[in-house]
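# Architecture and fold: a report
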Amino acid sequence: MDFHQVREYIGKLDQVFAVKQYVLQGGRQEGVHAIDVSTGAGMELTILPDRCMDFYQLKLNGKGLNFLSPTGIVGPSYCGKAVDGWLPSFGGGFLTTCGMDNIGVGGEDQGEILRMHGSLSNTPAEQVSVCTTVEEGVPTVRISGVMRDATLFLGDVHMTRTVVLRHGINAFEFTDRFVNVGFSSRPLMLLYHFNMGYPLLDETAQLILPTNRVTPRTKHAADYVEQYACITPPSTPFEEMCYYHDIQADDQGMATVGLRNAQQHLGVEITYDKKVLDHFVQWKMLGKGEYAIGLEPCNATIDGRADARENGSLKYLAPGEEVVCRFRVAAYQ
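Thresholds, definitions, all that
- Residues numbered from 1 in each chain as written.
- Predicted model: local features only at pLDDT ≥ 70, side-chain atom pairs only at ≥ 80, totals over all residues.
- Heavy atoms only, no water.
- Helix = DSSP H or I, 4+ residues; strand = E, 2+ residues; numbered from the N terminus.
- Polar contact = N/O pair within 3.5 Å; in protein donor to acceptor, adjacent residues only side chain to side chain.
- Contact = heavy atoms within 4.5 Å.
- Buried < 20%, exposed > 50% of the residue type's maximum accessible area, 1.4 Å probe, protein only.
- Pairing = 2+ DSSP bridges.
- Phe/Tyr/Trp six-rings, centres within 6.5 Å; stacked < 30°, edge-to-face > 60°.
- Core = buried A, V, L, I, M, F, W, Y, C linked by side-chain atoms within 4.5 Å.

### Examining the side chain of E296
Mapped onto the elements of the fold, E296 is located in strand β21 (residues 290-298). In terms of polar contacts, E296 uses its side chain to reach the side chain of H193, at 3.1 Å. Other than its neighbours up to four places away in sequence, E296 contacts L191, Y192, H193, H279, F280, V281 and W283.

So, in structure tokens, the structure goes:
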């Protein structure tokens, strides 16, 4: 039944396609703005404008698809300023966006003290817009916001995220547009920390990683490189492992990764533009209570900006230059 017919059965669009905005209360989540979208086909997405418009929870038919850390939702005012201050505010979520000045380990580069994974995920959005319309006969919501990475003497780079969801479809698209509105070139480091979790993730799940080459990041990861795709039950102790992958792309430069679980009747696929995000990291953390697989398209290596500068993977954004990252996320049974 198309929406033209559905309209005859409903009094308000919320019956079949709901968008709800609210503010969280209590503890370190106090005051955080959240947006829930239910597509009417089983997909539910929670967006946090006060945390870079990131995606805290993705569900399909009531089942969660992502990892949530013990930290929970933490407002940006509680973000630590230390080099390793990112972890105490890392709530996991379906997506945590990292950058723009650094990804991976913190440290110093050319006189700048850089936090682990940068400050982007703790940056609240400005100019937040939630617009629901009917496009080509389908109810559609477009949610957007602007994050500014601006510091006197260091530059001014703006990121605009636009998320699009449609009625009756268990998939969504989002686009991130980065513009250097300053007058000097700035490093641009980006990592999209997609975090798969239970019940999608368990020992019966299978990775979707069409890789041409696997490179362990550490000696510990190298010891287990033959088992990079093996998903084991939760165990303690478990030392995290990271692997770089050269993901295969189609003729348009788009790559698709994901996770499927036949026993749970769940699956997720993430399609991204490899022409822009030319690196990819698999984070493997299968500890008790810390059970996650990270699928992380990025544009540089993750041992800090100084290391990326030295190995040639560091990217720059010239004055007035624009970079666009495009994604599509699909969930299925």
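### Digging into unusual backbone geometry
In the segment running from Y198 into P199, the intervening peptide bond is cis, with an omega of 5°. With an omega of 0°, the peptide bond between T236 and P237 qualifies as cis. Relative to the assigned elements, P237 resides in the loop between α2 (219-223) and β17 (241-247). The residue H117 is not glycine, and still its phi comes out positive at about 60°. By secondary structure assignment, the location of H117 is in the loop between β8 (112-114) and β9 (126-135). One non-glycine residue, E136, lies in positive phi territory at about 50°.

### As for the pairing of strand β3 (residues 43-48)
Within β3, five of the six residues are buried, leaving the element largely enclosed by the surrounding structure. Pairing analysis gives four bridges linking strand β2 (residues 33-38) to β3, with the strands arranged antiparallel. Paired with D36 across the bridge in β3 is T46. Hairpin connection, β2 to β3: the antiparallel pair is bridged by four residues, and G40 has positive phi, about 85°. Pairing analysis gives six bridges linking β3 to strand β4 (residues 54-60), with the strands arranged antiparallel. Residue pairing for β4: L45 is matched across the bridge by L58. In this antiparallel pair of consecutive strands, β3 and β4, the connection spans five residues, and C52 shows a positive phi of 65°.

### Details of the packing of aromatic side chains
For the coordinates displayed, the defined rule picks out twelve aromatic pairs. Relative to F172, the ring of F55 has its centre 5.3 Å away and its plane inclined at 85°; by these criteria the two rings are edge-to-face. You can see F55 sitting in strand β4 and its partner F172 sitting in strand β12 (residues 171-180), a full 117 residues away along the chain. With relative accessibility at 0%, the residue F55 sits in the buried group.

### Concerning the side chain of S313
For S313, the location among the structural elements is in the loop between α3 (305-311) and β22 (316-317). For S313, a relative accessible area of 5% corresponds to the buried category. Among the polar contacts listed, one links the side chain of S313 to the side chain of N311, at a separation of 2.7 Å. When near neighbours in sequence (up to four residues on either side) are disregarded, S313 contacts H279, N299, A300, T301 and A308.

### Quick look at the nonpolar core
In terms of nonpolar packing, the biggest core is built from 62 residues, with F172, F174, Y192, F194, I270 and L295 touching the most fellow members. Per-element accounting of this core gives the leading share, five residues, to strand β23 (residues 322-332). Discounting chain neighbours no more than four positions away, the residues touching F174 are F55, L95, R161, T162, V163, Y192, F194, C325, R326, F327 and V329. Residues F90, V281, W283 and A300 belong to the second largest nonpolar core, which totals 18 residues.

### Focus on the environment of M285
In this fold, M285 is placed in strand β20 (residues 279-287). Classification of M285 as buried rests on a relative accessible area of 8%. Along the chain, M285 and P234 lie 51 residues apart, while their C-alpha atoms are 9.0 Å from each other. Setting aside residues no more than four positions away along its own chain, M285 makes contact with F238, E240, E290, Y291 and A292.

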